[in-house]
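Per-entry structural report
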Amino acid sequence: MKKSTSLLCLLALCSGTLLAETVQVTTAEMNAATEGSLLQVMSAISGETETTVEFNFDGETLEYNTEDCKGIDLDKKNVKIDGLNKKNGKPVTIVGGSNYFLNLSGGSNVSMENLVVKGFSAIAIKMSGDCSFSATKCVFRDNRDPKNESGNNGGVARINNCNATFDQCWFYNNKGMGGYGGGALCFYTAESTMAPALRITNCTFEYNEAVSGGAVGVNVLKKGVVPSVYIANSTFANNTCGDRGGAIYMQTAEPSGAFEPAIVNCTFVGNLNNITNSDDGGAINVWARATAEPMRPVLINNLFAENYYDPWDTNPLNDVKAFYLEGDKAGDVAQPQTVFPVCKNNYFAAANDKFYQVLDAADGNALIDFSNDAVFAATEQNPWDENDPEYSHMTATLMGDLHVAMIAESSVVIGKGLKSYEGVEIPTTDQLGNPRPEAPAVGAVEYAAEISGIESAVVGNELRIWNDGRVVYAAGLDGEAEARVYNLTGSLVYEGVIADGAALELPVAQGIYLIVVDHLTQKLIVR
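The rules behind each value
- Residues numbered from 1 in each chain as written.
- Predicted model: local features only at pLDDT ≥ 70, side-chain atom pairs only at ≥ 80, totals over all residues.
- Heavy atoms only, no water.
- Helix = DSSP H or I, 4+ residues; strand = E, 2+ residues; numbered from the N terminus.
- Buried < 20%, exposed > 50% of the residue type's maximum accessible area, 1.4 Å probe, protein only.
- Contact = heavy atoms within 4.5 Å.
- Areas by Shrake-Rupley, 256 points an atom, 1.4 Å probe, with all protein chains shown as cover.
- Core = buried A, V, L, I, M, F, W, Y, C linked by side-chain atoms within 4.5 Å.
- Lys, Arg positive; Asp, Glu negative; His and termini not counted.
- Salt bridge = Lys/Arg side-chain N within 4 Å of Asp/Glu carboxyl O.
- Polar contact = N/O pair within 3.5 Å; in protein donor to acceptor, adjacent residues only side chain to side chain.
- Phe/Tyr/Trp six-rings, centres within 6.5 Å; stacked < 30°, edge-to-face > 60°.
- Pairing = 2+ DSSP bridges.
- Axes fitted to C-alpha atoms, helices over the stretch in contact; angles between N-to-C directions.
- pLDDT = per-residue confidence, 0-100.

A separate point is the overall build of the chain. Along its length, the chain carries 3 helices and 50 strands. For the chain, the proportion of its 527 residues judged to be buried stands at 55%. Here the contacts in the chain between residues at least 6 apart in sequence split such that 72% fall between residues at least 24 apart. If you sum the accessible surface of the chain, you get close to 21,000 Å²; carbon and sulfur atoms cover 47% of it.

Here is the structure:
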């Protein structure tokens, strides 16, 4: 065995590759001195190896909030975190405290999969120094840094001059209140030895909050090289901000070339910008300062509905704000045009947005009427209304493990998208992995009679819903919750209350339905 190990080491050294090792977290105890604890395992990782961290302990949750939990620093490390617990096959949940979870630096390469990161009251993941990070099939929820300080952007992750990829992740109820934004993710560039890249695919951002960019904030500083930003097949629902971009805010100062972020086949619904005196983007705001190289945002096959600014008073629809467009002013001073959008086959709702009005009629963009057009499979009141009868902001009912805004069988967006566009990656599958047809739908998903990811839907590994015929049961509720049942045309057929551990009999005929309880949507087959 020693000879084999020595030979492997020699071969690895000769080939210039890292040795690989697998280590396991075998206890839920959070003590740096305890063998097999998360803190002990992570502190023992060497920069000379490519380390896979696995979990094999009794339970599902690690409480990262003891005195020893001061943040895990990964400098010049190569780490893969496999979040499925070998003991039970379930994703491990890391419950945070007042310190960060991970801090990447020195060119580290870190990936995580099937992990739940929740409850941090500081930025959960920080990265700088030309690192690479990826998260796949992860849940990031309830990470909220409320301090209004310049560095507190990105409740989940603050990404400085690094490559970051997020795929099939759900971001829920995160908050980052720093000056330039990003309730869940903040991506920014300063001086860098590489061109940083942010790639977001097949993700849902729901109910996140920031000063600007309720879900995602991008800030390209004057000293940085031009980054790459690609966001596709993703759902942005019910996010909110106080200034610019209810869901996404991107700004540039003086990059060394044109910034060309691409947003493709995304759905923006129910996002709110709380600013009262300017249409600064219910869903998206892009700003290239007059000192900047032109910004050329690319928007293709996106669906916008029920996004507003000043939602509690004048309440106008507002999808996208871009400045400066031709003829824009700052105060009374005319500004040179700095934003040159490329927009193809998007469906907007805000007819009065200047952004929509300046688009070329030949580019396939269109307006929808949320009140009269068939768009989504089911709709409901926006949660930010808090059931106040004075307000009537609507949004799509989100469904499945990834909480997507499914479209109706007769939706006006079916078949209205572009299959390809030169220089832009158009997805060949939708957010749920369904193949895109030759004429794809606009938005994150295609129509599907059978909705993947519904039957075993779980919110944070806590709430579960199932049925036996017309009788429905719930486990994991804190007392009682409202239950709403829709047929597959999106019509509400029942509304009532379901209690934890109790049976609820539905007065419905045989068929397929969707039940919504406490942000969880479950398919019911009534026979």
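Formed by 79 residues in total, the largest nonpolar core has its most connected members in Met 112, Phe 140 and Phe 166. Sorting elements by how many residues they give to this core places helix H2 (residues 38–43) first, with 4 residues. Here Met 112 is in contact with Ile 81, Phe 101, Leu 102, Ile 125, Phe 133, Ser 134, Ala 135, Thr 136, Cys 138 and Phe 140, once residues within four sequence places are set aside. Residues Ile 465, Val 472, Ala 483 and Tyr 494 belong to the second largest nonpolar core, which totals 19 residues.

As a further point, take the side chain of Asp 319. Mapping Asp 319 onto the fold places it in the loop between strand E33 (308–309) and strand E34 (320–323). Among buried Asp, Glu, Lys and Arg side chains, Asp 319 stands out as unpaired, with Lys 321 the closest opposite charge at 14 Å. Among the polar contacts listed, one links the side chain of Asp 319 to the backbone nitrogen of Ala 350, at a separation of 2.9 Å.

Attention shifts here to the packing of aromatic side chains. Tallied over the full model, the rule gives 23 aromatic pairs. For the pair Phe 304 and Phe 348, a centre-to-centre distance of 5.0 Å together with 10° between the ring planes defines the contact as stacked. Taken as a pair, Phe 304 in strand E32 (residues 303–305) and Phe 348 in strand E38 (residues 347–348) lie far apart in primary sequence, 44 residues in all. Phe 304 gets classed as buried once you look at its relative accessible area, which sits at 0%.

For the rest of this paragraph, the subject is the sheet that holds strand E44 (residues 464–468). Taken together, the 3 strands give an open sheet; going across it, the order is E44-E45-E48, and neighbouring strands pair in antiparallel fashion. At either end of the open sheet lies a strand with only one pairing partner, and these are E44 and strand E48 (503–505). Here the strands of the sheet are splayed against their neighbours by 25° on average, with no regard to which way each runs. Note: strand E45 (residues 471–475) against E48, 3 bridges, orientation antiparallel. In the sheet register, Val 471 faces E48, and the bridge partner there is Glu 505.

Across all of its chains, the model carries 15 salt bridges by this definition. Residue Arg 484 is joined to Glu 380 by a salt bridge in which the shortest nitrogen-to-oxygen separation is 2.4 Å. Taken together, the residues span a long stretch of sequence, with Arg 484 in strand E46 (residues 480–487) and Glu 380 in strand E40 (residues 379–381) at a distance of 104 residues. Each of the two residues, Arg 484 as well as Glu 380, counts as buried. Across the pair Arg 436 and Glu 446 runs a salt bridge, and its minimum N-O distance is 2.8 Å. Taken as a pair, Arg 436 in the loop between strand E43 (404–405) and E44 and Glu 446 in the loop between E43 and E44 lie far apart in primary sequence, 10 residues in all. On the basis of relative accessible area, Glu 446 is assigned to the buried category, the value being 7%. Salt bridges sharing partners connect three or more residues here, namely Glu 54, Asp 82 and Lys 86.

Before going further, it helps to spend a moment on the pairing of strand E6 (residues 92–96). Among the 5 residues that make up E6, 5 are buried, leaving the element largely enclosed by the rest of the structure. Neither face of E6 is exposed, since Val 92, Ile 94 and Gly 96 on one face and Thr 93 and Val 95 on the opposite face are all buried. Inspection of the sheet shows strand E3 (residues 61–64) paired to E6 by 4 bridges, in the parallel sense. Along E6, the bridge assignment pairs Leu 62 with Ile 94. Inspection of the sheet shows E6 paired to strand E9 (residues 115–118) by 4 bridges, in the parallel sense. Following the sheet pairing, Ile 94 is matched in E9 by Val 117.

With that settled, the discussion passes to the sheet that holds strand E50 (residues 520–526). Spatial ordering of the open sheet is given by E47-E46-E49-E50, a layout of 4 strands whose pairing is antiparallel. Each end of this open sheet is capped by a strand with a single partner; those strands are strand E47 (492–499) and E50. Pairs of neighbouring strands in the sheet enclose a mean axial angle of 25°, with direction left out of account. The pairing of E46 with strand E49 (residues 511–517) spans 5 bridges and is antiparallel. In the strand pairing of E49, Arg 484 is matched with Val 516.

In this section: the confidence of the model for the chain. Should the pLDDT be low somewhere, the predicted coordinates at that spot are not to be read in detail. Put simply, the chain has an average pLDDT of 89, and 90% of its residues get 70 or more. Within the model, pLDDT remains below 50 along residues 1–15, and this stretch shows 4 contacts once partners closer than five positions in the same chain are excluded. Low confidence marks residues 452–461, where pLDDT is under 50. Its contacts with residues over four positions away, or in another chain, come to 30 contacts.

Another aspect to go through is the environment of Thr 235. Summarising the element assignment, Thr 235 is placed in strand E24 (residues 235–237). The spacing of Thr 235 and Trp 170 is 65 residues in sequence and 9.5 Å in space, taken between C-alpha atoms. The residues contacting Thr 235, other than those within four sequence positions of it, are Cys 203, Thr 204, Phe 205, Thr 267, Leu 398, His 403, Val 404, Ala 405, Gln 431 and Ala 444.

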